[in-house]
Amino acid sequence: MSVRWAGVFPAVTTQFRSDQSLDLGATARHLEALIASGVSGLVVCGSLGENQTLDPDEKRQVVENAVRVSGGRVPVVAGVAESSTGAAVRYVRDCARIGASGFMVMPPMVYKADPGEAAGYFRAVAAATDLSWMLYNNPLAYTVDVTPERLTEFADIPNLAAIKESSGDPRRVTEIRLALGDRLAVFAGVDDLILESSILGIDGWIAGSGIAFPEENQRLWELTRAGKWDEARRLYRWAAPLMKLDTHPKFVQYIKLMIQEAGLGAEWVREPRRPLAGAEREHVLGIIRRGLKARPTLAK
C-alpha cells in the first residue's frame, strides 16, 4: 500500500527475549495495540527499533513481521540506518520486495558525512526505489544537519515525500514551510515539542514515548487537529514527563521500561545497551509510575 504521509506514525521498538534474541511475537502484539489505537502508519527499525544492533537478516525479519501483522491496515515504513551507501541501497530494495510501503532514511551511520556526501547518499537511496520516503533530520544524534536551506536542494527528488524534523528547534517547521511550501509533509520527531510544532503547522508525528500509552497519544494528536488547545494542553501536561524520557541518550532503555510498566512489552535491549539498574532505574521508574498512576480517563 502507498503511504499517506499524515497522522501518527509511532516508532516501534524491536522486542527481544532476555537472551537478546528477536521476539517477533511480542513485537507483533505491540503492533496490534498500536494499530488498534488508530495510528496512521508504523515505523520499524528506526533508532528506537535498535536498527544498528540488528543483523541484516534480522532487520528484514522485523520488516516482514510488521507487514504481515499490518495486513494492509496501515502502511509499514522501514527505517534505513546503514553505514555504507551500498548496504542502504540493498536494504531498501529488499524491503520493497518484502512489502514495506515506504522508508525513513537516516544519514550515513558512524562516518560524519559532509553536506555533499550526505546528499549523494540520500540521492542514491532514493534512486534505488520507487517507494516514497521520509528524510530523518536529527543533527543532535547523527551530526548531519539538513537545514531548511539544504532541504530545498532535494526538492527535485520525486519520491522524497516528508521530513522528520528532530533538530530540537520548532522554528524549523515555519522555516521549512517558507522555503518549500507544501512540497514536503513535515513530521515532528521530538515528543515534548509536539504541541509547539502542531501550532506551527505539521502534517504528522513520529511518536516515541507514546507507544507506551497509544490511546492517550492518539487522543492528543486528534485534539491538536481539532484545534482544541485547552484540552490538548491538559493532556500534554500529563504526558510531558513521560515524553521527556524520549530525549535522553538512553531513550531506548527508558521507553522499553515504560512499555513494560504499561504491559505492552519487555525492557530487554541488545548490547551494548543494557537494562537500567540502580538509582537510575529507580528514578526512571518513579517518573513512569507516577505518570501511569495519574493516567487520565479518556471519554469514549
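Above this text you will find the structure in question.
To keep things clear, this report deals only with the structure shown in the data block.

The rules behind each value
Residues numbered from 1 in each chain as written. Predicted model: local features only at pLDDT ≥ 70, side-chain atom pairs only at ≥ 80, totals over all residues. Heavy atoms only, no water. Axes fitted to C-alpha atoms, helices over the stretch in contact; angles between N-to-C directions. Helix = DSSP H or I, 4+ residues; strand = E, 2+ residues; numbered from the N terminus. Left-handed = near helix turned anticlockwise from the far one by under 90°. Contact = heavy atoms within 4.5 Å. Nonpolar A, V, L, I, M, F, W, Y, C, P; charged D, E, K, R; others polar. Buried < 20%, exposed > 50% of the residue type's maximum accessible area, 1.4 Å probe, protein only. Pairing = 2+ DSSP bridges. Right-handed = clockwise from strand over helix to strand, strands pointing away. Lys, Arg positive; Asp, Glu negative; His and termini not counted. Salt bridge = Lys/Arg side-chain N within 4 Å of Asp/Glu carboxyl O. Polar contact = N/O pair within 3.5 Å; in protein donor to acceptor, adjacent residues only side chain to side chain. Core = buried A, V, L, I, M, F, W, Y, C linked by side-chain atoms within 4.5 Å. Parallel < 35°, antiparallel > 145°, perpendicular 65-115°, else oblique. Phe/Tyr/Trp six-rings, centres within 6.5 Å; stacked < 30°, edge-to-face > 60°. Lys NZ or Arg CZ within 6 Å of the ring centre and 35° of its normal. Arc of directions from axis to C-beta.

**Describing the packing of helix α9 (residues 214-226) against helix α10 (residues 229-243)**
Between α9 and α10, the shortest axis-to-axis distance is 9 Å and the interhelical angle comes to 145°. The crossing of α9 and α10 is left-handed. In this structure, α9 contributes Glu216, Asn217, Arg219, Leu220, Leu223 and Thr224 to the contact, and α10 contributes Trp229, Glu231, Ala232, Leu235, Tyr236, Trp238 and Met243. Here the contact of α9 with α10 is built from residues that sort into eight nonpolar, two polar and three charged.

**Some thoughts on the pairing of strand β7 (residues 185-188)**
Of the two faces of β7, the one lined by Ala185 and Phe187 and the one lined by Val186 and Ala188 are each fully buried. Taken together, the four bridges between strand β6 (residues 160-165) and β7 define a ladder with parallel strand orientation. By the bridge assignment for β7, Ile163 is matched with Val186. Direction of pairing for β7 relative to strand β8 (residues 204-205): parallel, over a ladder of two bridges. The residue of β8 that forms the bridge with Phe187 is Gly204. Following the backbone out of β7, through helix α8 (residues 194-200) and into the adjacent parallel β8, one traces a crossover that is right-handed.

**What about the side chain of Asp23?**
Tracing the backbone through its elements, the reader meets Asp23 in the loop between β1 (7-8) and α1 (24-37). Buried and without a salt bridge, Asp23 has Arg17 as its closest oppositely charged side chain, separated by 4.2 Å. Look past the residues within four positions of Asp23 in its chain and what remains in contact with it is Gln15, Phe16 and Arg17.

**A closer look at the side chain of Ser70**
In this fold, Ser70 is placed in helix α2 (residues 56-70). A distance of 2.5 Å separates a polar side-chain atom of Ser70 from the backbone oxygen of Val74.

**Section: the nonpolar core**
With 103 residues, the main nonpolar core has Trp5, Phe122, Trp133, Leu151, Phe154, Ile194 and Trp205 as its most contacted residues. Here Ile194 is in contact with Ala188, Ile202, Trp205, Leu220, Trp221, Tyr236 and Met243, once residues within four sequence places are set aside.

**Remarks on the packing of α10 against helix α12 (residues 278-293)**
In the contact formed by α10 and α12, the axes pass within 9 Å of each other and the chain directions differ by 160°. Of the possible angle classes, the one that applies to α10 and α12 is roughly antiparallel. Handedness of the crossing formed by α10 with α12: left-handed. Contacts between α10 and α12 involve Trp238, Pro241 and Leu242 from the first element and Ile287, Ile288 and Gly291 from the second. Looking at the contact of α10 with α12 residue by residue, the classes come out as five nonpolar, one polar and no charged.

**Structural notes on the environment of Leu257**
Considering the arrangement of structural elements, one finds Leu257 in helix α11 (residues 251-261). For Leu257, a relative accessible area of 0% gives the class buried. Linking Leu257 and Pro214, residues 43 residues apart in sequence, is a C-alpha distance of 15 Å. Among all residues touching Leu257, those that are not within four sequence positions of it are Glu267, Leu276, Arg281, Val284, Leu285 and Ile288.

**Observations regarding the packing of aromatic side chains**
Two descriptors summarise a pair of aromatic rings, namely the distance from one centre to the other and the angle between the planes of the rings. The final tally for this structure, using the stated rule, is eight aromatic pairs. Ring geometry for Phe9 and Phe187: centres 5.4 Å apart, planes at 85°, overall edge-to-face. On the criterion of sequence distance, the pair formed by Phe9 in the loop between β1 and α1 and Phe187 in strand β7 is long-range, its members being 178 residues apart. Phe187 carries the same exposure label as Phe9, and that label is buried. Here Lys59 stacks its cationic end above the ring of Tyr91, 5.9 Å away from the centre of that ring.

**Section: helix α7 (residues 171-180)**
Listing the buried residues of α7 in full gives Arg172, Val173, Ile176, Arg177 and Leu180. Buried residues of α7, viewed axially, fall in a sector of 140°; they line one side. Opposite its buried face, α7 presents the exposed residues Arg171 and Leu178, each directed more than 90 degrees away. Buried positions along α7 lie against β5 (132-137), α6 (148-151), β6, β7 and α8. Phi turns positive one or two residues past the end of α7, at Gly181, with a value near 60°.

**A few points about the environment of Pro107**
Residue position: Pro107 is located in the loop between β4 (102-105) and α4 (115-127). Under the relative-accessibility criterion, Pro107 is labelled buried at 3%. Look past the residues within four positions of Pro107 in its chain and what remains in contact with it is Glu82, Tyr121, Phe122, Tyr136, Tyr142 and Val144.

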